Amino acid sequence: MDSATEAFVAHRSLLFTVAYEMLGSAADAEDVLQETWLRWVGVDLETVREPRAYLVRITTRQALSRLRTLGRRKESYVGPWLPEPLLTAPDVAEDVELADSVSMAMLMVLETLAPTERAVFVLREVFDLAYDEIAEAVDKSPAAVRQIAHRARAHVAARRPRGVVSAAETRDALEAFQRAVNTGDMQGLLDILAPDVILLTDGGGVKQAALAPIVGAGTVADVLRGIADAVLQPAQVNGCPALIVRLNGEVDNVIAVRIDDGQITGLYAVRNPEKLSYIERETTLHR
């Protein structure tokens with residue numbers, strides 16, 4: 001391989017992770033990587049001191065542009081928009097900070113940030129880039145980036161799960177949830193669901209799904225009766241335990257959860273077939 005290709009391949013998983021955390025869409029992240037590559041091969045490598053930082057800068061700028069386009073698409077999206085779930089390798093779960101940053105619950109929190117705030121938060125908090133590196137990537141001064149980072153941290157802290165939830169705790173909650181759904185144990189389901197649990201279903205106008213959030217343990221439990229006959233397959237999705245729901249052997253949807261104080265407070269069910277293509281093969285994420 002030539003030096004440009006070698007550098008790109010070496011950092012590809014990192015660049016994909018940066019783009020995915022900024023966009024919540026694997027398909028759009030892949031498009032960003034293609035655009036990054038096209039720009040990278042036109043760079044005079046003699047002028048590049050640090051290929052990793054340079055590639056991250058290109059990727060961030062392309063992702064920011066795509067994020068603004070994606071925002072316009074979401075405005076016309078049918079029903080709730082959820083991030084695209086990824087079947088992830090076991091090593092992602094072993095990196096607790098990475099797993100937390102790509103969890104469906106955290107990606108939903110990141111959705112509430114403005115594009116530049118999201119970029120700064122991801123680059124600083126997840127990838128630990130220096131403020132001056134981030135400043136170059138987002139075309140702001142280092143002082144402005146520090147202010148944006150402070151604001152974004154406060155915003156995320158106010159909305160993220162209240163405590164650190166281990167993979168074991170999430171797995172236990174999902175096992176109780178799966179058992180209750182499969183056996184029709186309504187009381188068992190009500191016990192694991194928080195009273196104010198929220199269920200979001202993303203069908204994208206292609207598959208049947210609720211067009212608004214479903215709130216409350218009793219209402220959510222009633223809705224979940226509809227998957228009692230489905231096969232619920234435990235899997236590592238976005239670095240966290242989740243369930244792949246299969247009907248007649250085919251993936252129907254993916255359910256990820258948010259846990260607070262030992263109960264499920266959020267259920268994220270992705271049914272849109274366009275968002276399920278990355279659930280049949282493992283995706284490598286890297287910091």
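The structure we're discussing is the one just above.
The notes below deal with the structure included here. (Residues numbered from 1 in each chain as written. Predicted model: local features only at pLDDT ≥ 70, side-chain atom pairs only at ≥ 80, totals over all residues. Heavy atoms only, no water.)

Observations concerning the overall build of the protein chain
Line of reasoning, step 1. When its secondary structure is counted, the protein chain shows twelve helices and eight strands.
Line of reasoning, step 2. Whereas a compact globule of 287 residues would reach a radius of gyration of roughly 19 Å, the protein chain reaches 20 Å, a difference of no more than 12%.
Line of reasoning, step 3. For the protein chain, the spread of C-alpha atoms along the three principal axes comes to 65 × 40 × 35 Å.
Line of reasoning, step 4. Residues counted as buried form 52% of the 287 residues belonging to the protein chain.
Line of reasoning, step 5. Counting contacts in the protein chain only where the partners sit at least 6 residues apart, residues at least 24 apart contribute 68% of the total. (Helix = DSSP H or I, 4+ residues; strand = E, 2+ residues; numbered from the N terminus. Rg over C-alpha atoms; globule rule 2.2 N^0.38 Å. Buried < 20%, exposed > 50% of the residue type's maximum accessible area, 1.4 Å probe, protein only. Contact = heavy atoms within 4.5 Å.)

Some details on the pattern of salt bridges
Line of reasoning, step 1. In this structure the tally under the stated criterion is 19 salt bridges.
Line of reasoning, step 2. Taking the shortest distance from any N to any O, the salt bridge between Asp 222 and Arg 225 comes out at 4.0 Å.
Line of reasoning, step 3. Residue class for Arg 225 comes out exposed when judged on its relative accessible area of 55%.
Line of reasoning, step 4. Taking the shortest distance from any N to any O, the salt bridge between Asp 252 and Arg 271 comes out at 2.6 Å. Within this pair, whereas Asp 252 is found in strand E6 (residues 250–260), its partner Arg 271 is found in the loop between strand E7 (263–270) and strand E8 (282–283), the two being separated by 19 residues in sequence.
Line of reasoning, step 5. Taking relative accessible area as the criterion, Asp 252 reaches 9% and is therefore assigned buried. (Salt bridge = Lys/Arg side-chain N within 4 Å of Asp/Glu carboxyl O.)

Focus on the pairing of E7
Line of reasoning, step 1. Among the eight residues in E7, seven count as buried, and that is most of the element.
Line of reasoning, step 2. Two strands pair when backbone bridges link them, and strand E2 (residues 193–202) and E7 are joined in this way by six bridges, in the parallel orientation. Bridge pairing in E7 links Leu 200 to Tyr 268.
Line of reasoning, step 3. Taking the residues between adjacent antiparallel strands as the criterion, E6 and E7 are bridged by two residues, where Asp 261 takes a positive phi near 55 degrees. (Pairing = 2+ DSSP bridges.)

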